[in-house]
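# Summary of the model geometry
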Amino acid sequence: MAFVGMKHVVAAPIKTEVAGQAVTYDTGVEIGAAISATVTINRNTEGLYANDALKESDNSITGGTIDLNIDDISDDAAEKILGVKKTAGESQNPTVFHETGEAAPYVGLGYYRVRRLNGVESYRAYWYHKTQLSMANETANTKAGSITWQTPTLNGNIMAVVNDSSGKSKFRDYADFTEESKAIAWLDTKANVAGA
């Protein structure tokens, strides 16, 4: 199995998170067109040593990080997932601003990857139950002879939730689909995207 693409990045602010119950989300939004996602899973790495030898080890997941590169992020999406504010002034050109000390909201986040196996494409959709995103450092470059595309990157922490009666912490779900439209519908339902 090989992955050959990535599409449809969606997110939604968490509305309720009660241990033992499904997380609920406010209305979600497609953030932007996907370029790349780098997910780093953090694990416990402590070992128990006894009699001068490793006797037990634990590699359980403790959380993770995500670096998400997209083509653009609208002001509406930034309001929902980054906690930026817009002035109520002119509707044509509102001022968008970040408040110091204001944390970004917790959001659910998803996208799908295109898989290819024996020449047949399928779609694996991922849903991260709880993340907190922020804009990465910005670099601006002048146009010099040829275009250098400058696209935004979002950095985020991935956290676990106890979202059912099992009592187990979960950080993501994924599902495989033979039809692209079904992967999109699954993500739009998870993210409570309008019209899903």
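Residues numbered from 1 in each chain as written. Predicted model: local features only at pLDDT ≥ 70, side-chain atom pairs only at ≥ 80, totals over all residues. Heavy atoms only, no water.

### Here's the deal with the overall build of the protein chain
We apply this condition: Only DSSP runs of H or I covering at least 4 residues are called helices, and only runs of E covering at least 2 are called strands; the numbering of each starts at the N terminus. With a 1.4 Å probe rolled over the protein chains alone, any residue whose accessible area is under 20% of its type maximum counts as buried; one over 50% counts as exposed, and the rest are partly exposed. Contacts are assigned to residue pairs that have any heavy atoms within 4.5 Å of one another. Here Asp and Glu are counted as negative and Lys and Arg as positive; His is not counted, and neither are the chain ends. Throughout, a charge is located at the NZ atom of Lys, the CZ atom of Arg, the CG atom of Asp or the CD atom of Glu.
When you go through the protein chain residue by residue, the secondary structure sums to two helices and 13 strands. With respect to the principal axes defined by its C-alpha atoms, the protein chain has extents near 70 × 50 × 40 Å. The burial tally for the protein chain puts 32% of its 196 residues in the buried class. Within the protein chain, counting contacts between residues at least 6 apart in sequence, those at least 24 apart form 63% of the total. Taken as two groups, the 18 positive and 24 negative side-chain charges of the protein chain have centres that lie 7 Å from each other.

### Observations concerning unusual backbone geometry
The phi torsion at His8 lies on the positive side, around 55°, for a residue other than glycine. With respect to the helices and strands, the residue His8 is situated in strand S1 (residues 2-16). Look at Asn192: it is not a glycine, yet its phi comes out positive at around 55°. Residue placement: Asn192 occurs in the segment after helix H2 (180-190). According to the relative accessible area criterion, Asn192 is partly exposed, its value standing at 36%.

### Regarding the nonpolar core
Burial of nonpolar side chains together is a common tendency in soluble globular proteins. To keep things clear, this is the line we draw: Nonpolar cores are built from buried Ala, Val, Leu, Ile, Met, Phe, Trp, Tyr and Cys residues. Side-chain atoms within 4.5 Å join them into one set.
Ranked by size, the top nonpolar core spans 23 residues in total, and within it Ile31, Ile73, Ile81, Leu109 and Leu154 carry the most contacts. The element best represented in this core is helix H1 (residues 75-82), accounting for four residues. When near neighbours in sequence (up to four residues on either side) are disregarded, Ile81 contacts Ala11, Ile31, Ile73, Ala104, Pro105, Val107, Leu133 and Leu154. In this structure, Val10, Ala12, Tyr25 and Trp127 belong to the second largest nonpolar core, which totals 18 residues.

### Section: the pattern of salt bridges
Stated precisely, the cut-off is as follows: Salt bridges, as used here, are contacts in which a Lys or Arg side-chain nitrogen is within 4 Å of a carboxyl oxygen on Asp or Glu.
By the definition in use, this model includes eight salt bridges. Residue Glu180 is joined to Lys7 by a salt bridge in which the shortest nitrogen-to-oxygen separation is 3.0 Å. Placement of Glu180 in helix H2 and of Lys7 in strand S1 is noted, with a sequence separation of 173 residues between them. With its nearest N and O atoms 3.3 Å apart, the salt bridge here joins Asp173 to Lys190. Remark: Lys190 occurs in helix H2 and Asp173 occurs in strand S13 (residues 172-177); sequence separation between them is 17 residues. Owing to a relative accessible area of 26%, Lys190 belongs among the partly exposed residues under this scheme.

### Regarding H1
Note the following rule: This arc corresponds to the set of directions leading from the helix axis out to the C-beta atoms.
Taken as a whole, H1 has its buried residues at Ala77, Ala78, Ile81 and Leu82. Viewed end-on, H1 has its buried residues packed into an arc of 100°, placing them on one side of the element. Contacts made by the buried residues of H1 are with S1, strand S3 (29-32), strand S10 (106-117), strand S11 (120-135) and strand S12 (153-159). Once H1 finishes, Gly83 follows within two positions and takes phi at roughly 80°, a positive value.

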